[in-house]
Amino acid sequence: MKTFIPAKKRFGQNFLKDNRVVSAILNAFSAKAGQRVVEIGPGRGALTQALLNSGATVDVVEIDNDLVAELQARYPALQGHLHHQDALSFSLTQLHLDQEKVRIIGNLPYNISTPLLFHLLTQKECIQDMVFMLQQEVVDRLAAQPGCKAYGRLSIMMQLHCQVQALFSVPPQAFSPQPKVMSKIVHLVPYEKPLFVLESMTTLENILRDAFNQRRKTLQNSLKAYFTAEALTAVDIDPHGRAEQLSVAQWVRLANELFK
Ligand code: SAM
């Protein structure tokens, strides 16, 4: 007799049960025959069967022993493509790609979504695009523009590397068990050529950390360890402005100036 295995909270397991939402995500992703697709956290396969049906070559990365066993039994086509692994340590080099780029999809475990996005960004040269379900609040931060409350370090770090498009929201009722928060789909497309030439990522991270940790202060105060008010004015930055008012281009300009 098959035993029912309850969802595991520690793995962020909220399984999609609403077929209209499943179709909307798959339409947004639109996998095609011949493409290389990686699904992160396939779970019980809500998205997986349709991805396999598209004719794409599908690899999946799943951490949970029980779900891996279920997926093996249910999807023989995944043989050799089912990676029983933590996505945070999964490397796209494991796929032996030959110049081709992968497309990545996932209803991500919310507890690891931000570190996972940064882990994937370190491999962006191998990635064509990504469609993810995340907490709505995280997608709003990823896509936020200067001047918005949600605009911060995450928006700048992501928009530096990717075109970010928030697609549509998904209510808790679309999942079992239901999460406590709204979710949202986001489409991320890494730039082929960087939009901005950044001399030092560490320098950018340092000034962003200081400025956004004190986001209510003016830049001449929050960045006083690095710049005088005159030095800010000299690179066309208003010393009386605040961190959330600067565009990604302006942050890169400041980091490059400091690095010089
Ligand atoms: N794709 C399925 C769906 O939409 O119904 C499941 C989504 S559920 C939100 C997240 C999935 O990611 C679960 O299957 C969970 O076991 C898996 N997972 C959690 N942490 C993971 C990790 N670090 N690496 C790989 N998979 C992980």
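Everything quoted here is computed from the prediction, not taken from an experiment.

So, how was this worked out
- In this numbering scheme, every chain counts its residues from 1 along its sequence in written order.
- Per-residue local features are limited, in this predicted model, to residues with pLDDT of at least 70; the limit for side-chain atom pairs, both in listing and counting, is 80 or more; totals at the level of whole chains, interfaces and linings are taken over all residues.
- The basis for every side-chain value is the complete set of non-hydrogen atoms in the structure, without hydrogens or water.
- Strands are runs of DSSP state E lasting at least two residues, helices are runs of H or I lasting at least four, and both sets are numbered from the N terminus onward.
- Three labels apply to residues, based on accessible area from a 1.4 Å probe with only protein chains included: buried if under 20% of the type maximum, exposed if over 50%, partly exposed otherwise in between.
- Two cysteine sulfurs form a disulfide in these notes if their separation is within 2.5 Å.
- A domain assignment, automatic or from a database, supplies the domain bounds used here.
- Residue contacts follow a heavy-atom distance rule, with two residues in contact if any of their heavy atoms lie within 4.5 Å.
- For this document, the term salt bridge refers to a Lys or Arg side-chain nitrogen within 4 Å of an Asp or Glu carboxyl oxygen.
- Any N or O atom pair separated by 3.5 Å or less is treated as a polar contact, with the protein-specific requirement of one donor-capable and one acceptor-capable atom, and with residues adjacent in sequence counted only for side-chain atom pairs.

1. Things to note about the environment of Glu70
Here Glu70 is to be found in helix 3 (residues 65-74). Note on Glu70: relative accessible area 17%, which makes it buried. C-alpha of Glu70 to C-alpha of Ala46: the two residues are 24 residues apart in sequence and 13 Å apart in space.

2. Side note on the state of the cysteines
A covalent bond between the sulfur atoms of two cysteines is referred to as a disulfide. Evaluation of the coordinates by the stated rule reveals zero disulfides. In this structure Cys126 is not part of a disulfide, and its nearest cysteine sulfur, from Cys162, lies 13 Å away. Cysteine Cys148 shares no disulfide, and the gap to the nearest cysteine sulfur, in Cys162, comes to 19 Å.

3. A word on the domain arrangement of the protein
Partitioning the protein into domains gives domain 1 (9-190) and domain 2 (201-259). One C-alpha centre belongs to domain 1, the other to domain 2; they are set 33 Å apart. At the interface, twelve residues of domain 1 touch 16 residues of domain 2. Here domain 1 is connected to domain 2 by zero salt bridges. Linking domain 1 with domain 2 are five residue pairs in polar contact (both at pLDDT 80 or more).

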